[in-house]
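What follows is each chain in one-letter form.
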Amino acid sequence: MLVISCLVLTIISSAFGLDNGLARTPPMGWLAWERFRCNTDCKNDPDNCISDQLFRTMADLVVEEGYAAAGYEYINIDDCWMEKDRSVTGDIIPDRSRFPYGLKDLSNYIHAKGLKFGIYGDYGNYTCAGYPGVLGFMENDAASFADWDVDYVKLDGCYADPVQMDKGYPEFGYHLNRTGRPMIYSCSWPVYQIYAGINPNFSSIIDNCNLWRNYNDIQDSWSSLETIIDYYGDNQDSIVPNAGPGHWNDPDMLIVGNFGLSYEQSKTQMALWAILAAPLLMSVDLRTIRPEYKAILQNKKIIAVDQDPLGIQGRRIYKHKGIEIWARPITPVYQSYYSYAIAFLNRRTDGTPSDVSVTLKELGLQYPDGYRVEDLYEDVDYGVLTSATKIKVKVNPSGVVILRCDIQPENVIARSQYSQYSPLNQVFKVRQNSFVKK
Ligand SMILES: *[C@@H]1O[C@H](CO)[C@@H](O)[C@H](O)[C@H]1NC(C)=O
Ligand SMILES: *[C@@H]1O[C@H](CO)[C@@H](O)[C@H](O)[C@H]1NC(C)=O
Ligand SMILES: *[C@@H]1O[C@H](CO)[C@@H](O)[C@H](O)[C@H]1NC(C)=O
């Protein structure tokens, strides 16, 4: 018999965020970096170099292969798109041979598909790969982005002084705002400050950025993914309260469908990113992705968790003997009761699925009339369960089981009424009892 006490605290978040009306839910799209890096060799590798053609092809596939219908919207360029030198008038210019028609033309092409266009710059003197940074040219570069009808700007932080970022990132945001064109503003401000041993001023970051990176770049491996999962779990008390509509933590790109993750591990990244209310930016070759990975990226039920209108980031509520449980409060809500997405993660390597057995009440789900429980990967509908019912899941090594538990009152407030709902943050503490059978 397990006796578990569960403490639920509710904290009212005072975060308001950047007032540009964008990213009310985490942005979704495709981003070149992790898969295509700084490949500029169009002579020998024309199909994989950073070029006009690559982005047009990916935009085509995002629409034709159903990603756009699933919610993926932004087609984002990362580093290595510029000429090494600015024009005589101080403007950044796209590489003449790799982007022969200019970026306005590419932007028009992407917009004509019903998609949006994202670009990359760097707050410092140079981008990470050595192309021109915005320092000294902020007004020019913001104006160029607006001229090209850019919808999303990622501003990296190489070759910059992290101390100056408190001033510099808001300054570039000011120039973006002054163009009059709404553009999502993605900042690398906190991660460079954390590297430099500075405690980031998150209230200022929330007021100036729509999303920001907290931790290392993702690499194409399970070990890289594990370090990110651990970082977000270990530091959740300071990270989670900063998320909400218009302002998100960004644990970096989805690497699902590449070389480094197994099928189970790919399911884990997608599920955990939904729990984390993370931006869903695929970085994968959509020409060659295998169908089972495409299905993970297009899992509508998991995307709905990621895009939940409350925008409350989830937490790791249990970690013991290699089993973790993560929970995210979602709609529908009724009175003080939330619905939840619950992810069971198996970090064990002992080669056989682990049984995890727990009641909803032990996870902090106490709504008296019960929850409708559904598995979001497998076609399993548990029906309506009371919080005292024990649920049992089998979790594969390095894999995940993700459930959605919707409260079942007769008069749940309709989802559309949630826009006024203030972002509350649930804090759980589940005692380190063992839910694991073996
Ligand atoms: C950027 O370049 C300017 C001019 O060369 C220099 O004074 C400044 O120290 C550089 N900043 C960084 C962070 O390297
Ligand atoms: C610029 O900032 C103001 C004040 O925060 C805001 O109302 C406006 O929507 C912003 N405009 C753009 C284009 O981001
Ligand atoms: C954080 O930035 C805000 C301005 O956005 C400022 O008022 C506040 O004093 C800063 N906090 C700290 C601890 O520096």
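Residues numbered from 1 in each chain as written. Chains lettered and ligands numbered in written order. Predicted model: local features only at pLDDT ≥ 70, side-chain atom pairs only at ≥ 80, totals over all residues. Heavy atoms only, no water.

- An unreviewed UniProt entry annotates the chain as Alpha-galactosidase originating from Aphidius gifuensis.
- Per UniProt, the comment on the chain under Subunit (unreviewed entry) is "Homodimer."
- Per UniProt, the comment on the chain under Sequence similarities (unreviewed entry) is "Belongs to the glycosyl hydrolase 27 family." (UniProt positions renumbered as here; feature names shortened; annotations may be inferred.)

### What to know about the site of ligand 2
Working step 1: What surrounds ligand 2 is the set D19, N20, N177, G180, R181 and P182.
Working step 2: Side-chain polar atom of D19 to an oxygen atom of ligand 2: 3.4 Å apart, as the coordinates give it.
Working step 3: One of the side-chain N or O atoms of N177 is found 2.3 Å from an oxygen atom in ligand 2.
Working step 4: Contact with the protein chains covers 53% of the free accessible surface of ligand 2, which is 360 Å².
Working step 5: For the shell around ligand 2, a count of residues per class yields 1 nonpolar, 3 polar and 2 charged. (Near = heavy atom within 4 Å. Polar contact = N/O pair within 3.5 Å; in protein donor to acceptor, adjacent residues only side chain to side chain. Areas by Shrake-Rupley, 256 points an atom, 1.4 Å probe, with all protein chains shown as cover. Nonpolar A, V, L, I, M, F, W, Y, C, P; charged D, E, K, R; others polar.)

### Quick notes on the nonpolar core
Working step 1: Ranked by size, the top nonpolar core spans 110 residues in total, and within it W30, Y72, W81, F145 and W273 carry the most contacts.
Working step 2: When residues of this core are assigned to domains, at least three fall in each of domain 1 (2–306) and domain 2 (315–427).
Working step 3: The next biggest cluster of nonpolar side chains, apart from the first, holds 29 residues, and it includes I325, Y334, V356 and L403. (Core = buried A, V, L, I, M, F, W, Y, C linked by side-chain atoms within 4.5 Å. Buried < 20%, exposed > 50% of the residue type's maximum accessible area, 1.4 Å probe, protein only. Domains from an automatic or database assignment.)

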